[in-house]
Structure formats: structure tokens, C-alpha cells
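Reading the structure
As a plain string of letters, each chain reads:
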Amino acid sequence: MKNVIPKLFRWQPSRETLIVLVAGAVVVGLSAAMLLFENWPWVRIAIRDVGQIFLVGILFPLAYIQRSGKDWAGFGFSSKKWPVFLLINLVLGVLLFFSFLSGSPPPADFRLDASTVWSAAYVMLALCFELVFFYAFLRTFFEQAFGIVPAIILTALFYAFHHIGFQPEYGKLIFVGLLYATTYRLGNSALLIFPFFLGVGGTYDVLIQSQEVSPILYPEIRTLYLAVAIVATVVWSWRKVKGRSHV
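How each quantity is defined
Residues numbered from 1 in each chain as written. Predicted model: local features only at pLDDT ≥ 70, side-chain atom pairs only at ≥ 80, totals over all residues. Heavy atoms only, no water. Helix = DSSP H or I, 4+ residues; strand = E, 2+ residues; numbered from the N terminus. Expected span 1.5 Å × (residues − 1). Buried < 20%, exposed > 50% of the residue type's maximum accessible area, 1.4 Å probe, protein only. Arc of directions from axis to C-beta. Contact = heavy atoms within 4.5 Å. Polar contact = N/O pair within 3.5 Å; in protein donor to acceptor, adjacent residues only side chain to side chain. Patch = residues over 30% accessible without salt bridge, like charges linked within 9 Å, V, L, I, M, F, W, Y side chains within 5 Å. Areas by Shrake-Rupley, 256 points an atom, 1.4 Å probe, with all protein chains shown as cover. Salt bridge = Lys/Arg side-chain N within 4 Å of Asp/Glu carboxyl O. Phe/Tyr/Trp six-rings, centres within 6.5 Å; stacked < 30°, edge-to-face > 60°.

With 19 residues, helix 2 (residues 15–33) ought to run about 27 Å at 1.5 Å a step, and its terminal C-alpha atoms sit 27 Å apart, in line with that. Along helix 2, the positions that sit buried rather than exposed are Glu16, Thr17, Val20, Ala23, Gly24, Val27 and Ser31. Down the axis, helix 2 shows its buried residues gathered within 130 degrees of arc, on one side only. Residues of helix 2 that are exposed and point more than 90 degrees away from the buried face comprise Arg15 and Leu18. Where helix 2 is buried, its residues meet helix 3 (41–68), helix 5 (114–146) and helix 6 (148–161).

What follows is the structure, given as C-alpha cells:
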């Protein structure tokens, strides 16, 4: 019991804790800034895609982990037990999908056309940001500072309030954040929630279920440039890690 409690709750904040708290606040602040530009769609898009998703949400955490020399597996980026974790991920995704179909079926006018597919692709890229920034980066550093339970709660709160500029459904989103952060932590692996479990939850909610989410404008071009930027960043990080391992 004495060994369990320090894992669940602790008080060991550090300089890194301050850095991730500021990063989380910046992500929420960028979302809030979108509210100032309701009639300027491309400004909102730049804030969301360039500032929030890519620069702060993808590039910063991956560069920080890489430059600090920390073990990527400690953040859940590992192929350990990948067949088991992917199978669990798939089963959770299927169960969630049928739960959605039962509780919130698609409207009669829903069409799986090209626009819907592009929008779904954009949502999946945005989910890559959520995976990296909230469930891997913030949660891991919060756990090191405060323990497992406070880390999951703080992650869920930052996750929910980063939607302030485009989907203000905080009660539901706090629950969603708790669900995914807990599942991620059970095996400390991104493969427990991505791509199936997180993908089904995000795409179904944005495209069908949510009544408050802002429409996705220009999904084609946004999907293309985000895909290029995210893939390039991941490849850069991977090459840096491989280069360091051969030194």
C-alpha cells in the first residue's frame, strides 16, 4: 500500500511541470483567441491549425522530448505488446461505434460523400494532436509531478477547455478526457486508444453527434497541409532518435 499511494498521488513539481502548464495554458488561450475572429475564418484556421495543432500541439512536445533525451516509451510511444494493445483498441472502437449508433444515430440527411471523408480525415489529424499533446505529453509530466490520479484529472480539464473556441461542451468533454487518459495510462501506450478508439469517438462526435461544434471549413486543403507538416515532424523526430542511437 505504501508503494501504491506515491504512484497515485505525489507532490514533486519541477521546472518541467511549469513548462507543460504554460504549454497547456497556451493551447487553451489560442482556442479562446478564435472567439475574437468569428467573421475572419482564415484567421481562426491559422490559430487552430498552425498555432494550436501544429506548433504547440505537435512540434513543441515532440521537439521537447527529443531534445531532452527522454525515453519515448515513457510517453507511450512504443511498439511493446502492440498486437494486444491494437486488438483492445479495435474492440473498444467497435463497441463505441455501436454505442453511438444506438444512442445517436446519423440523421436522415447524412451522406458519406467526398466532403464528409475530407472532414473525417481532418479530424483524424486533429486527433493526432490530442494524442501527442494531452495524453502523451501533458499527462506524463503531470504524473511525474502529481501522481497518476491528478495527472488524469488535469489532462481531462486541459483537454476539455482547449475546445473553448469551437466546441464548448465542457461536461461531456471532461468525461471524454478522463476516459481516454485512463485507458492510455492502463498500458501507458498510444496504441490503446489510437487510431480506432480515439478515432471513432472524435469523428463520430464532430461529424454526427455534437450540436455545438463549429463546422469544418475547407477540409481538403487543411487536411493536406497538416498531413505534410505532421508527417515531416514525425520523420524528423524519428531520424533524430535513430541518429542519436548510432552515436
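The subject of this paragraph is the side chain of Ser189. Summarising the element assignment, Ser189 is placed in the loop between helix 7 (170–187) and helix 8 (196–209). Reaching out from Ser189, the side chain makes a polar contact with the backbone nitrogen of Leu191 at a distance of 3.1 Å. Not counting residues within four places of it along the chain, the set of residues in contact with Ser189 comprises Gly76, Ser78, Phe85 and Tyr184.

Quick reminder: α-helices carry 3.6 residues per turn. Residues three or four places apart thus point the same way. Within helix 8, 10 of the 14 residues are buried, which leaves the element mostly enclosed by the surrounding structure. Those residues of helix 8 not exposed but buried are Phe197, Leu198, Gly199, Val200, Gly201, Gly202, Thr203, Tyr204, Asp205 and Ile208. Buried residues in helix 8 make contact with helix 4 (82–103), helix 5 and helix 7.

Turning to a nonpolar patch on the surface, a few remarks are in order. On the surface, a nonpolar cluster with roughly 780 Å² of combined accessible area is contributed by Leu87, Leu90, Val91, Val94, Leu95, Phe97, Phe98, Leu101 and Phe196. Of the residues forming the nonpolar patch, the biggest block, eight residues, is contributed by helix 4.

With that settled, the discussion passes to the packing of aromatic side chains. Following the criterion strictly, the structure yields 23 aromatic pairs and no others. Between Tyr64 and Phe141, the ring centres sit 5.8 Å apart and the planes meet at 80 degrees, which makes this aromatic pair edge-to-face. Of this pair, Tyr64 sits in helix 3 while Phe141 is found in helix 5, placing the two residues 77 residues apart along the sequence. Note on accessibility: Tyr64 and Phe141 belong to one class, buried. On the basis of an interplanar angle of 35 degrees and a centroid distance of 6.1 Å, the ring pair of Phe133 and Phe137 is categorised as tilted. Linking Phe133 with Phe137, this pair stays in helix 5, spanning four residues, or about one helical turn. Across the pair, exposure class does not vary: Phe133 and Phe137 are buried alike. Among the aromatic residues, those joined into a ring-pair cluster are Phe60, Tyr64, Phe75, Phe129, Phe133, Phe134, Tyr135, Phe137, Phe141, Tyr159, Tyr180 and Phe197.

Moving on: the pattern of salt bridges. Pairing is possible between side chains that carry opposite charge, provided their charged atoms lie close to one another. Per the counting criterion, the structure on display carries seven salt bridges. Here Arg44 makes a salt bridge to Glu38, at a shortest N to O gap of 3.8 Å. Exposure remark for Arg44: the relative accessible area of 11% places this residue in the buried category. Residue classification places Glu38 among the partly exposed positions, given a relative accessible area of 48%. As a salt-bridge pair, Arg139 and Glu143 come within 3.0 Å of each other at their nearest N and O atoms. Note that Arg139 and Glu143 are positioned in helix 5 at a spacing of four residues, about one turn of the helix. Residue class for Arg139 comes out buried when judged on its relative accessible area of 1%. Sharing partners across several salt bridges, the network here consists of Arg139, Glu143 and Arg185.

No statement about biological role is implied by the geometric values presented.
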